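Here is how the chains run, residue by residue.
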Amino acid sequence: MTHTLVASATREHIIGFDRPFTVIGERINPTGRKKLAAEMQAGNFDTVIKDALAQMEAGAHILDVNAGVTAVNPNESEPPLLRQTIEIVQSVSELPLCLDSSVTSALKVGLETAKGRPLVNSVTGEEEKLEAILPLVAKYNVAVVAISNDETGISEDPDVRFAVAKKIVERAADHGIKPHDIVVDPLVMPIGAMGTAGQQVFRLVRRLREELKVNTTCGASNISFGMPNRRALTGYFLAMAASHGMTSAIMNPLHDEDMHAIFGANVLNGTDAHCRFWNNKFRDMAPAPAAAALAPGEKAPTAEEIAARRAAREARRRR
C-alpha cells in the first residue's frame, strides 16, 4: 500500500490509498491576495497566523506555505521571506508543512528551515526543474508534488499528462526517490473552459494509482473557476475525485461545502472506520428549520448563529 509520510517536529501524517482524504490548507499564499502580499512584504504576519490557526481548527492535515509576494527579483526576495513565514507558522501550529515555491533557492531555504519532513511543492517535467529540484528532494529525504506539465506546457490530452508524470517518477528513481514519496498533480482544468475536465482527471487518477502506484493531489478550486455556485461544484468534484482514487487536495478547509464532501467521501470509501469521524462531527448538529416550520414573524437562524450554536454544543461536550 502506498504511504507518503509528511511530518512536523511533533506530528506525522500519512497520505495513502487506505487513509482518509488529506486536506492541504491553501490559505497561506499571497498569490491573488494583494492585501496579504503587502502585509508580508511589510513584515506583518497577523493574517498568516490567523489563517494557520483557522485552517488547523477547520481540519487541515498539512499547511501549504507560499511566500511569492512579487515577480520582481523573486530569487532575492522570496528565500528570506519564505524562511520567516515558515518559522512563524511553525511557532503557532504543529501541522506538517507543504513548501510551495517555483524558486529553487527558496525551496532550499525552506528545506533548511522546516522541521520534520515537509512536502515540497513542486517539480515539473521540465528538464531544468528536474535537475534542480530532485537532488534537493533526495538530499533532504522528503516527499514531492510532481506536476504533469513540461516544456511544452499543459497538454489537453490526458495521456500526455500521464506520460509526463511517468517521466518524473522514472527520473526521481534515478535519484533514489521512491514512488511512495511522489504525489502527482494531474492538473485540473476549469470545467467551464473544458467540458471533459472532470472526466480527464478521474481517468488520470485511476491510471496513476493503478499503474504508477502514486498518491495524487490537485488544486481543487481550479475545477469551478468562472462558474456560478463554485462552492457546491468544488465539493461535488472533490467527492468524485476521492471516489476515483485521489488521496489529497490543496484546498480551502474553511469552506464547509468542500470539507463536508471530503468527510462524506471518507465514509463511502471506507476510510472513516465505522463512520466514527462522521458521527462525532455531525451527531449533535440540528438542522436549520424549514421556512414552513417557523412561527409567524420568526426568522431562520443565520449561518453565523448556527455556527455559534454548534461551537457551544461542542464546548459542552468537551467539559
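Residues numbered from 1 in each chain as written. Predicted model: local features only at pLDDT ≥ 70, side-chain atom pairs only at ≥ 80, totals over all residues. Heavy atoms only, no water.

S.K.: Explain the sheet that holds strand β7 (residues 143–147) to me, and be specific about the residues and the numbers.
M.R.: Pairing is parallel in the open sheet, where eight strands are placed in the order β9-β8-β7-β6-β5-β4-β3-β10. Lying at the two open borders of the sheet, with one neighbouring strand each, are β9 (215–216) and β10 (248–251). Bridge count between strand β5 (residues 97–100) and strand β6 (residues 119–123): three bridges; the pairing is parallel. Bridged to Cys-98 within β6 is Leu-119. (Pairing = 2+ DSSP bridges. Helix = DSSP H or I, 4+ residues; strand = E, 2+ residues; numbered from the N terminus.)

S.K.: Explain the pattern of salt bridges to me, and be specific about the residues and the numbers.
M.R.: The full count for this structure, using the stated rule, is 14 salt bridges. Between Lys-108 and Glu-112 there is a salt bridge whose closest N-O contact spans 2.7 Å. Remark: Glu-112 and Lys-108 occur in helix α4 (residues 104–113); sequence separation between them is four residues, near one turn of the helix. By sharing partners, the salt bridges in this structure join Asp-159, Arg-203, Arg-207 and Glu-211 into a single network. (Salt bridge = Lys/Arg side-chain N within 4 Å of Asp/Glu carboxyl O.)

S.K.: So what about unusual backbone geometry? Which residues, and what values?
M.R.: The backbone phi angle of Asn-229 is positive, close to 50°, even though this residue is not glycine. Residue position: Asn-229 is located in the loop between β9 and α8 (230–243). At His-274, a residue that is not glycine, the phi angle is positive and equals roughly 55°. Within the secondary structure, His-274 is located in the loop between α9 (256–269) and α10 (276–282). On the basis of relative accessible area, His-274 is assigned to the exposed category, the value being 65%. (Buried < 20%, exposed > 50% of the residue type's maximum accessible area, 1.4 Å probe, protein only.)

Honestly, it's all geometry; don't read function into it.
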